[in-house]
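Residues per chain are reported as follows:
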Amino acid sequence: METILIVCQYRFPEGDAGSVRMYNFAKTLMSLGYRVLIIGMGPVKKGFQQYKGIRYLSLRQTNPYNSYFGFSSRLIDLIKRLRKKWSLHTIILGTTSINVFTVLKKYCDRNDIVLIKDVVEWYSPSQFKWGRLSLSYFMKDIENRFIIDKTIRVISISTYLEKYFLNKQIHTERIPIYFDQSEYTKKKEEPVQSLNLLYAGFPSKQDNLYLPLKGLSLLDDQSLNRLHFVIIGVSLYRVKQLFSLQEETLKRIMPSLEILGRVPRSVVLKNLLKSDFTVLLRDNQERYAQAGFPSKVIESISNSTPVIMNFSSDIGMYFTDNENCIEVKDYSGMAFADSLRRALLLTESEKKSMSRNAKELAIRSFDKDSYIKQFEILLK
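Residues numbered from 1 in each chain as written. Predicted model: local features only at pLDDT ≥ 70, side-chain atom pairs only at ≥ 80, totals over all residues. Heavy atoms only, no water.

The next subject is the packing of aromatic side chains. With the rule as written, the count across this model stands at 16 aromatic pairs. Ring geometry for tyrosine 210 and phenylalanine 243: centres 5.1 Å apart, planes at 40°, overall tilted. In this pair, tyrosine 210 sits in helix H7 (residues 210–217) while phenylalanine 243 sits in the loop between helix H9 (236–242) and helix H10 (247–253), placing the two residues 33 residues apart along the sequence. By relative accessible area, tyrosine 210 is classed as partly exposed at 23%. Residues tyrosine 318 and phenylalanine 366 carry aromatic rings whose centres are separated by 4.8 Å and whose planes lie at 55° to one another, so their mutual orientation is tilted. On the criterion of sequence distance, the pair formed by tyrosine 318 in the loop between strand E13 (307–309) and strand E14 (325–327) and phenylalanine 366 in the loop between helix H15 (348–365) and helix H16 (372–378) is long-range, its members being 48 residues apart. (Phe/Tyr/Trp six-rings, centres within 6.5 Å; stacked < 30°, edge-to-face > 60°. Helix = DSSP H or I, 4+ residues; strand = E, 2+ residues; numbered from the N terminus. Buried < 20%, exposed > 50% of the residue type's maximum accessible area, 1.4 Å probe, protein only.)

Next comes the structure, spelled out in structure tokens:
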């Protein structure tokens, strides 16, 4: 049996969104008959571990300095040991430091191992305090422009990235975010009569939380009284910062808000299952929004919860306004308010229909078997 190694510095198995993507890659590859091992930076544990049938190993060490800077050498030593007992011809590389990438690229080239890079983002200067001078921005730019070349193959998360790498004549296949839909079969809770909204995330670098809240403030009192907006991952202090010069505006919308801050994933899921809609606004003119693909949108519809959102990345290729989502027509508070007014007019029957349509889209386009063909092409 041929082995495929998935290498990343995510906090696998349940530490971040990247871990979820690697887990679902592993599920698809195992269905194709491969032995799969995920190498990551999860909790400090010795030896191979199991997570839902997926074998994984954490290279994290107790000493943070050794853990980070010694990752590449420990990784190469591990690969050498694995090759003595397993047939290992392919490595899929998720997000890692640029040092790990270059070391692994050189090793694979010298040992005739196919290296497939999963590319999920390309930053915009606006995401960072120092713009183009930010080290993270600079490193990602170097990686996408120069380190990724014709010697490796690429999984592009979006059409934007796919076109970029194809123009450089680099072998690439587009594979967006997807999940094993059979794991998301829990029945949605029946919402109460108010319109229940949910935002879960960290809006500082990608999502815009100010505009949805500004949109709330543009509604009349009767509409506001029918809204319940749960915000997870963001503190009350941060929300107050967003409205530091608009205290009266914040005071007016506060009765409609429930701000939970950082909570366990189980709490996020509980709120997701009783929400009518989740909320997402991203500046679709920025490169980060065009190059990435919002995982929280797919997680939401996998749980039968449609999204109120503007269309960024490849969202418009899959979603249809008033059918499986409510589109925010413009990146503004006013446009978001208009979308909320439309949502408030929906009957319970119409909301249930949109919920079913969202789940059907998830099963049709974002399941673990949706991109088998793309993996087969990459692995030839």
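Right, let's get into the pattern of salt bridges. All told, the structure shown has 23 salt bridges when counted by the stated rule. The partner of arginine 287 in a salt bridge is aspartate 141, and the shortest N-O contact between them spans 3.4 Å. Of this pair, arginine 287 sits in helix H12 (residues 287–291) while aspartate 141 sits in helix H5 (residues 135–147), placing them 146 residues apart in sequence. According to the relative accessible area criterion, arginine 287 is buried, its value standing at 15%. Taking relative accessible area as the criterion, aspartate 141 reaches 14% and is therefore assigned buried. Its salt-bridge partner being lysine 329, residue glutamate 327 comes within 3.2 Å of it at the nearest N-O pair. Relative accessible area serves as the criterion here: at 55%, lysine 329 is assigned to the exposed category. In the salt-bridge network here, residues are joined through shared partners; they are Lys27, Lys52, Asp180 and Glu183. (Salt bridge = Lys/Arg side-chain N within 4 Å of Asp/Glu carboxyl O.)

Quick look at the sheet that holds strand E1 (residues 2–7) now. Spatial ordering of the open sheet is given by E3-E4-E2-E1-E5-E6-E7-E8, a layout of eight strands whose pairing is mixed. The outermost strands of the open sheet, each flanked by one partner alone, are strand E3 (49–51) and strand E8 (172–174). Direction aside, the axes of adjacent strands within the sheet are offset by 25° on average. In this sheet, strand E2 (residues 35–40) lies alongside E1 in parallel orientation, the contact comprising five bridges. Within E2, the residue paired with valine 7 across the bridge is isoleucine 39. (Pairing = 2+ DSSP bridges. Axes fitted to C-alpha atoms, helices over the stretch in contact; angles between N-to-C directions.)

Let's shift gears to the sheet that holds strand E9 (residues 195–200). The strand order across the open sheet built from six strands is E11-E10-E9-E12-E13-E14, with neighbouring strands paired in parallel fashion. At either end of the open sheet lies a strand with only one pairing partner, and these are strand E11 (257–261) and E14. Averaged over all neighbouring strand pairs, the angle between strand axes comes to 20°, with direction disregarded. Pairing of E9 with strand E12 (residues 277–280) involves two bridges; the strand directions are parallel. What sits directly across from leucine 197, in E12, is phenylalanine 277. The strands touched by helix H13 (residues 295–302) within the sheet are E9, E12 and E13, with E13 carrying the most contacts at an inclination of about 150°. (Contact = heavy atoms within 4.5 Å.)

Here the focus is H15. Helix length check: H15 (18 residues) gives 26 Å between terminal C-alpha atoms against 26 Å at 1.5 Å per residue, within 8%. Along H15, the residues classified as buried are Lys351, Met354, Ser355, Ala358, Lys359, Leu361, Ala362 and Ser365. Buried residues of H15 fall within an arc of 155° about the axis and therefore sit on the same side. The exposed residues of H15 that point more than 90 degrees off its buried face are Ser349 and Arg364. Lining the buried residues of H15 we find E9, E12, H13 and E14. (Expected span 1.5 Å × (residues − 1). Arc of directions from axis to C-beta.)

This part covers a nonpolar patch on the surface. A surface patch of nonpolar side chains, about 390 Å² in accessible area, is lined by Tyr65, Tyr68 and Phe69. Mapping tyrosine 65 onto the fold places it in helix H2 (residues 64–69). (Patch = residues over 30% accessible without salt bridge, like charges linked within 9 Å, V, L, I, M, F, W, Y side chains within 5 Å. Areas by Shrake-Rupley, 256 points an atom, 1.4 Å probe, with all protein chains shown as cover.)

Moving on: the environment of alanine 362. One can find alanine 362 in helix H15. For alanine 362, a relative accessible area of 0% puts it in the buried group. Residues alanine 362 and aspartate 180 lie 182 residues apart in sequence; the distance between their C-alpha atoms is 9.6 Å. Setting aside its immediate chain neighbours within four residues, alanine 362 contacts Gln181, Ile301, Ser302 and Asp367.

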